[in-house]
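What follows is each chain in one-letter form.
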Amino acid sequence: MSEFTGKQRVQKLFKREPLDRMPCFSGQGTVVIQAIEKMGAPFAKIHTDPKLMAESAITSARMFNMDGVVVPYDMATVAEAMGRGISLYENAEGIIYPTVPDKWKTLEEIDIPKDYMTRGRLPMVDESFKIIKKEAPDLAVGAWVLGPFTLAGQIMELDILLKGLKKKKDQISAFLDQVTQVTIDLCKHYQELDVDFISVREMGSGTDLLSPRMWKTLIGPNLTKVFDSITCVPSVNHICGSTDMIIEMMHECGADALSVDQKNNVAETRKKLGNDVLIFGNFDPYNTLIQLEDQAQVEAVIKKCIDDGQDAVWPGCDIWPDVRLENMETYTKTVREYGKKPSPAVGRL
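About the cut-offs
Residues numbered from 1 in each chain as written. Predicted model: local features only at pLDDT ≥ 70, side-chain atom pairs only at ≥ 80, totals over all residues. Heavy atoms only, no water. Salt bridge = Lys/Arg side-chain N within 4 Å of Asp/Glu carboxyl O. Helix = DSSP H or I, 4+ residues; strand = E, 2+ residues; numbered from the N terminus. Buried < 20%, exposed > 50% of the residue type's maximum accessible area, 1.4 Å probe, protein only. Core = buried A, V, L, I, M, F, W, Y, C linked by side-chain atoms within 4.5 Å. Contact = heavy atoms within 4.5 Å. Right-handed = clockwise from strand over helix to strand, strands pointing away. Pairing = 2+ DSSP bridges. Phe/Tyr/Trp six-rings, centres within 6.5 Å; stacked < 30°, edge-to-face > 60°. Axes fitted to C-alpha atoms, helices over the stretch in contact; angles between N-to-C directions.

Quick look at the pattern of salt bridges
Per the counting criterion, the structure on display carries 22 salt bridges. The salt bridge involving Glu80 is made with Arg121; its shortest N-O contact spans 2.6 Å. Here the residue Glu80 occupies a position in helix α4 (residues 77–84), and Arg121 occupies one in the loop between α4 and α5 (122–135), the gap between them amounting to 41 residues. Arg121 carries the same exposure label as Glu80, and that label is buried.

Right under this line is the structure:
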C-alpha cells in the first residue's frame, strides 16, 4: 500500500473511509514562529503579502509533517473589507495580530458594502489559496470563516450587540440575517476556490456567554443556513468554550464534523452523538504547546484526546505561534503514531 498524501488522508477522513493513520491538521491557525524565522520575514508581513502567507503556511506544515494548512490567520479580514479599518502593527516587534480599530457603535450606522469581497485583504487571501494549491498540491487546504454571531462581534461592539438582544430584538435579528448572508457568500466563494474543507468558527457562542435556549433561537438557525449553503466541500462546526449543553444542537446544524475546545467533555459527547459523527478537538493549545515543559505531559494530553474518541486531534483555538519546538514535535508525532489505531467514526487499513 502506497502512503497517502496529506490531502488524500484528510479527504478520506471526511468521507469516513479507512486510513493508515489519523490525519494531523487543523481548522484553526497553525502558523508557527520557527517557520517565520526560517523565512526571515517579520510576523506582521505574513498578513499582508499573499506569497508570505502561503509560504508561512506551507513551511509550518512541512516542518512538523502536518497533512494540511489553513489561512488566513487573523479575524479582521472581513471587518476590514467592510470599511471598519485595520491595525496591522507593521512596525511592532514580536507577535501581534491585526485588529479592528473602528467597529460600528449603533445599529443605525451599519452599512455593509455590496462589493466588500473585492476590498481590503480578501483578494490577497484568495491569491494565497491559489499559491498554496499550486506549490503544495499534496497538502489539504482549509478555509475558515467566522460564524454570523462572532462576525457580528467583529464589526459591531459586542456589549451593544448583547444589550440589543433584549431592547432591539427585531433590529438585531435583521442585522444577524445580513451577517449570515455574508458568511454564506464567503463559504460559496471559498467553495469556488476549490478548498478541501471549510471550518465555520462560531467561537463566541458557547454557553459561557449564551444560554442553551438563546443558542437554540439565535445561533442554531443561522448556522443551519450556513451549512446548508456548503454543498461542494466538507464543513466543520467549531465552537469554543462550554459546549456540553449544546452539542446535540451543534450536530443538528448539519456540518460534516464538529470541533470543540478543551472545555468539552468529549468522552460524554461521543456517548451522546454515537460513533458515526466526526468529532475534532480538543486540547488547550497555549498550555500544551507553550507552557508544558515535560514532553511526557504533552504526549499524555494528545493521547487522551484520541482515547476520548476524537477522529482528529485539533487545538481548541488557534495555535499561538511562539510554540516550544519540542512540544509541537511531540504533538504531531503522537498524532501520527498513536493515531494508527481506529477512531470511532473512521477505521484503519
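What about the nonpolar core?
Ranked by internal contacts, the top residues of the largest apolar core, which has 101 residues, are Tyr190 and Tyr331. No other element matches the nine residues that helix α8 (residues 169–192) contributes to this core. Residues in contact with Tyr190, not counting those within four places in the same chain, are Leu122, Val125, Asp126, Phe129, Ala143, Val145, Val195 and Ile198. The next biggest cluster of nonpolar side chains, apart from the first, holds 16 residues, and it includes Phe14, Ala312, Ala345 and Val346.

Some remarks on the pairing of strand β5 (residues 257–260)
On any regular strand, side chains alternate: one points to one face of the sheet, the next to the other face. Burial of the side chains of β5 extends over both faces: Ala257 and Ser259 are buried on one face and Leu258 and Val260 on the other. For the segment spanning strand β4 (residues 235–239), helix α10 (residues 247–252) and β5, crossover handedness is right-handed. Of the strand pairs in this sheet, β5 and strand β6 (residues 278–283) are connected by three bridges, and their pairing is parallel. Following the sheet pairing, Ala257 is matched in β6 by Leu278.

A short note on the packing of aromatic side chains
Here a ring pair, both rings aromatic, is described through the centre-centre distance and the interplanar angle of the planes. According to the stated counting rule, one finds 12 aromatic pairs in the structure shown. When the centroid spacing of 6.4 Å and the interplanar angle of 75° are considered together, the rings of Phe14 and Phe25 count as edge-to-face. One end of the pair, Phe14, is in helix α1 (residues 6–14); the other, Phe25, is in the loop between α1 and α2 (33–39), with 11 residues separating them in the sequence. The same class applies to Phe14 and to Phe25, which are both buried.

Notes on the sheet that holds strand β7 (residues 312–315)
If you walk across this open sheet you meet the seven strands as β1-β2-β3-β4-β5-β6-β7, and the pairing is parallel. Strands with a single pairing partner mark the edges of an open sheet, and in this sheet they are β1 (68–71) and β7. When strand polarity is set aside, the average angle formed by the axes of neighbouring strands in this sheet is 25°. With four bridges joining them, strand β3 (residues 197–201) and β4 adopt parallel strand pairing. Each residue of the ladder has a partner; that of Ser199, found in β4, is Val236. Packing against the sheet, α5 makes contact with β1 and β2 (140–146), and its axis sits at approximately 160° to β2. Lying on the sheet, helix α9 (residues 212–229) is in contact with β3 and β4; it crosses β4 at an angle near 155°.

By themselves, these are just geometric observations and shouldn't be taken as functional.
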